[in-house]
Amino acid sequence: MTGIAPVKPLRVAICGGGISGLCLAVALCRFSHIKVDVYEAAEQFKEIGAGVMIWSRTWRILQLLGLADAFSKVAHAPPDGTMGVGFDFRRSDSPNEGYRFRLVEMPYGCIRFHRAHFLDVLVEHLPKDVAHFGKRVVSYSQPNSNGPVTIEFADGIDSQCDVLVACDGIKSTIRGHMYQTKAKQMKDQSLLSFIEPFWSGTVAYRGLFPTEKLARSGTSHRALDAPMMYCGQSKHVVSYSIAQGSIVNVVTFASKPKAEGSQWDGPWVAECPKAELLECYAGWEPEVEELLKNIEQPTKWAIHQLQPLPFYVMGRVALVGDAAHAMTPHQGAGAGQAIEDAFVLASLLGRCHDTDNLDSALKAYEHVRLPLATHVLNGSRMSGKMYEFDSQHGSDYATLGPAIQGQWDWINWSSPEEDVQRAVDYLKRDTFGSKL
Ligand SMILES: Cc1cc2nc3c(=O)[nH]c(=O)nc-3n(C[C@H](O)[C@H](O)[C@H](O)COP(=O)(O)OP(=O)(O)OC[C@H]3O[C@@H](n4cnc5c(N)ncnc54)[C@H](O)[C@@H]3O)c2cc1C
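Per chain, residue numbering runs from 1 following the sequence as it is written. Under the rules for a predicted model, residues below a pLDDT of 70 receive no local features and side-chain atom pairs below 80 are neither given nor counted, while totals for whole chains, interfaces and linings still include all residues. Each side-chain value is worked out from all heavy atoms of the structure, with water and hydrogens disregarded.

The name recorded for the chain in an unreviewed UniProt entry is FAD-binding domain-containing protein, from Hohenbuehelia grisea.

**So, the overall build of the chain**
Comment: elements are numbered from the N terminus, with helices defined as DSSP H or I runs of at least four residues and strands as E runs of at least two. Summing up its helical and strand segments, the chain has 14 helices and 19 strands in all. C-alpha atoms define the radius of gyration in this analysis, and the globule rule sets the expected value at 2.2 Å times the number of residues to the power 0.38. A compact globule built from 436 residues would reach a C-alpha radius of gyration of about 22 Å, and the chain, at 22 Å, matches this within 12%. Judged by the C-alpha coordinates and their principal axes, the chain covers about 70 × 45 × 40 Å. Remark: exposure states derive from per-residue accessible area (1.4 Å probe, protein chains only) relative to the maximum for the residue type, with buried under 20%, exposed over 50%, and partly exposed in between. Burial statistics for the chain: of 436 residues in total, 57% are counted as buried. Note on definitions: a residue-residue contact is assigned when non-hydrogen atoms from the two residues lie within 4.5 Å. Across the chain, the fraction of contacts at a sequence separation of at least 24, relative to all contacts at a separation of at least 6, is 75%. Looking at the chain as shown, the accessible area adds up to about 18200 Å², and 51% of this sits on carbon and sulfur atoms. Looking at charge distribution, the chain has the averaged site of its 42 positive side-chain charges lying 3 Å from that of its 48 negative ones. Per-residue and other accessible areas were derived by the Shrake-Rupley procedure at a 1.4 Å probe size, with only the shown protein chains allowed to occlude residues. Here the positive residues are Lys and Arg and the negative ones are Asp and Glu; neither His nor the chain ends is included. Note on charges: their place is set at NZ of Lys, CZ of Arg, CG of Asp or CD of Glu.

**Some thoughts on the pattern of salt bridges**
When a carboxyl oxygen of Asp or Glu lies within 4 Å of a side-chain nitrogen of Lys or Arg, that pair is called a salt bridge. By the definition in use, this model includes 22 salt bridges. The residue Glu 276 makes a salt bridge to Lys 300 at a minimum N-O spacing of 2.7 Å. Taken as a pair, Glu 276 in helix H8 (residues 274-280) and Lys 300 in strand S17 (residues 299-305) lie far apart in primary sequence, 24 residues in all. Between Arg 369 and Glu 340 there is a salt bridge, and its shortest N-O distance comes to 3.2 Å. Note that Arg 369 is positioned in helix H12 (residues 358-387) and Glu 340 in helix H11 (residues 334-349), a separation of 29 residues in sequence. Both residues of the pair, Arg 369 and Glu 340, belong to the buried class.

**Quick word on the UniProt feature "domain: FAD-binding" (unreviewed entry) in the chain**
UniProt positions are given in the numbering used here, feature names are shortened, and annotations may be inferred rather than shown by experiment. In the numbering adopted here, UniProt assigns the feature "domain: FAD-binding" (unreviewed entry) to residues 11-181 and 291-378. Secondary structure across residues 11-181 comprises 26% helix and 34% strand; the distance between its end C-alpha atoms is 23 Å. As annotated, residues 291-378 has a helix share of 50% and a strand share of 14%, and its two end C-alpha atoms lie 30 Å apart.

Dropping the structure here:
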């Protein structure tokens, strides 16, 4: 535990218990002067049956939070800092054997997990009595811009806090309320356009299966050795092993570039016939077909994203994770960006021993996190186009390969510690003269 214990704890309410909400809660619970409550609409914490990958920046945060040992145990293999494969890019949309056009390598490579295992580690590190289930936030009010926030729940039992953090995902209720309130205040209807996510023009098919199904087929499959990116015109297929190599994760993408921004009719997630998946990639190289035919029950996802938001904070309410910057998954970065939000915000709130500095802390959070998350959101969209030969590079591999690699440059722009330092410097400047 760090920090001094004040008479009155700082009350931080987190709405949503996904990766961002739980990571923020775990990071905040290190401070004895902060009382954390996580309000989750569902009856339990849960994640879908799929893989999730993170990069070295996110791993560094997990180390700083003291979670590296626990996450090492559930990773595909314990991360050791050596150079590893980010992705092995192949041209795969013809029946002949495809070919590599770029190998992207980086320190730690691609660190990957089963989502449920990832969430379990966070849940295990959550102190008792922090989580409240069946609590769906429907709205909030903050009559005085530097006073407490009242959270309204669907069950009719309200609650008060000093800071409300929206970790309620891409369809965030809190983002909706925040942007409606601001639009009214500013008499600016254009702000309403930031509330609803839009369809990216891409659908994804997802599935998992036991590694032994591939191993049985004789020669070793490339997806067992390294994260694979099989690319074709307006489509791509991602596959890598998770859960100490015992499970193969597959997620495939099929795009209609001109449909980007249009309305998706139907459910965002649904089971779909296996035949639809196989048909979508018919005529691709044999090792792709081998992956797809092992998926028993694929699910189909309409991939949505947000426009980059102009602000994440209003009064004592902050947006975090997908509520702030839901992005396409093409850089494997949405959850990582959520964890970066959580780390920076927790580091700032940990320095606020009363409510006096809260406004500056939230401003500092936005100052540091919004530009990078926006960059990654825009970059993810562009990466997807590159993988599907729909960018300005087309299939000119000589320029496409380096361009794809360059899309991940942001990973080395700064370290998480440097980001926190910048945020703290901002907080100190903004609260000049106060005791921090
Ligand atoms: C196909 C695909 C692949 C991806 N792969 C990767 C990857 O490899 N790496 C990566 O970093 N990212 C990846 N992402 C992105 C990543 O999954 C998300 O960015 C991340 O899960 C967002 O977490 P979150 O906690 O912000 O939101 P969510 O996971 O959506 O959690 C929101 C939580 O809030 C709760 N909630 C919602 N509304 C309310 C309410 N009103 N009141 C109370 N609770 C509420 C929900 O029940 C839920 O528990 C991928 C996304 C997709 C679609």
